[in-house]
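# Remarks on the overall topology
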Amino acid sequence: MSLPRKTILRLVAIFIIFGVIPFTGIYVAQGSFVFPVPEGENPGETVRGFAPLSLETPDGETLRAFYHPPAEEGAASILVFHGNAETAAAAIPRGGSLVAAGFGVLLVEYRGYGGSTGTPSEAGLITDGLTAYDYLRAQGNAPIGILAFSLGTGAALPVAAARETFAVVLEAPPTSLLDIARYRVGWVPFDFLMKYPFHNDRVIAEVDAPILIIHGDNDLVIPVEQGRRLATLAGPGSAYIEIKGAGHNNLTQYGTTAMALSFFRKSLAAE
């Protein structure tokens, strides 16, 4: 028995109102949730020895990053990838600790952040990371390492997989943004809705360098279980540190910079 035309139209309307429109809204609006760009631009002057740097990406964007050369010629440098709700300038104090240890430091900036041109996206952030790496490589053949936090790990891992690095440190990394979405609203079929999935779990095995993963067991933003799982997927020479009582945005208060420095030094010594 066929349904009356009016009934079919009502069912279609209900499907559109309660099915298509909400999911379409989630897809379109997720950029503002994934990339909550803070207001303001990165300073245009040298700050604590970090000089402002303009980097041109292959697709025509201009990134406003910060760079501090290594203490000695030939010394290693570290690329630092910040989280999604901050700019490169926020990492200057921490970058100073790496500089004090003798490393060169390039604080990576993303398109749309800190006065950089463009609009952030997953592919865009990866391109920005590769652009920063290539700038460092153009300075010489010294080793390059990576330190990344939270969403920044989603840009850092593809860079580490595509370029030669001596070590990678990931702080509070998600297995993927898809898994974070499931963690928050697990019943929604996000597989086809996630515009920027950032699949760290699929990329990490492609990284040849040793990886240190640091995660707080009280992280309410990215569950510690995701850091644990990534640790099982990392290659030889990798390590995992779980910090009791640490959350998401207070990891550095538990000495993670010193942990990263120790891992970088150990990895360099092993080369």
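Residues numbered from 1 in each chain as written. Predicted model: local features only at pLDDT ≥ 70, side-chain atom pairs only at ≥ 80, totals over all residues. Heavy atoms only, no water.

## Some points on the overall build of the chain
Keep this limit in mind: Numbering of helices and strands runs from the N terminus; a helix is a DSSP stretch of H or I covering at least four residues, while a strand is a stretch of E covering at least two. For every residue, the accessible area (1.4 Å probe, protein chains only) is compared with the maximum for its type, and the residue is labelled buried under 20%, exposed over 50%, or partly exposed between those bounds. Every residue pair with non-hydrogen atoms within 4.5 Å of one another is taken to be in contact. For the area figures, the Shrake-Rupley method with a 1.4 Å probe applies, and any residue is considered shielded solely by the protein chains shown.
Counting its secondary structure elements, the chain contains eight helices and eight strands. When burial is assessed residue by residue, the chain has 49% of its 271 residues classed as buried. Taking the intrachain contacts of the chain between residues at least 6 apart in sequence as the baseline, contacts between residues at least 24 apart amount to 71%. When the accessible surface of the chain is split by element, carbon and sulfur atoms take 58% of a total near 12800 Å².

## Some thoughts on the sheet that holds strand β2 (residues 62-68)
The condition that has to hold: At least two DSSP bridges between two strands are needed for those strands to be called paired. Every angle, taken between N-to-C directions, lies between 0 and 180 degrees, and every axis is a line fitted to C-alpha atoms, over only the stretch in contact when it is a helix.
Judged by pairing direction, the sheet is mixed, and its eight strands sit side by side in the order β1-β2-β4-β3-β5-β6-β7-β8 without closing on themselves. Each edge of the open sheet is held by one strand with a lone partner, namely β1 (51-56) and β8 (239-243). Sheet twist, expressed as the mean angle between neighbouring strand axes with direction ignored, is 20°. Of the pairings in the sheet, the one linking strand β6 (residues 168-171) to strand β7 (residues 211-216) comprises four bridges and is parallel in character. For Val 168, the partnering residue across the bridge sits in β7 and is Ile 211. In the packing of helix α4 (residues 152-162) onto the sheet, the strands contacted are β3 (77-81), β5 (144-149), β6 and β7, and the crossing angle to β5 comes to about 155°.

## A short note on the pattern of salt bridges
Where side chains of opposite charge bring their charged atoms close, a pairing between them can arise. So the rule is basically this: Take a side-chain nitrogen of Lys or Arg and a carboxyl oxygen of Asp or Glu: if they are within 4 Å of each other, that pair is a salt bridge.
Taken as a whole and judged by the stated rule, the model has nine salt bridges. The salt bridge involving Arg 163 is made with Asp 134; its shortest N-O contact spans 2.9 Å. Highlighted residues: Arg 163 in the loop between α4 and β6 and Asp 134 in helix α3 (residues 122-138), separated in sequence by 29 residues. Relative accessible area serves as the criterion here: at 34%, Asp 134 is assigned to the partly exposed category.

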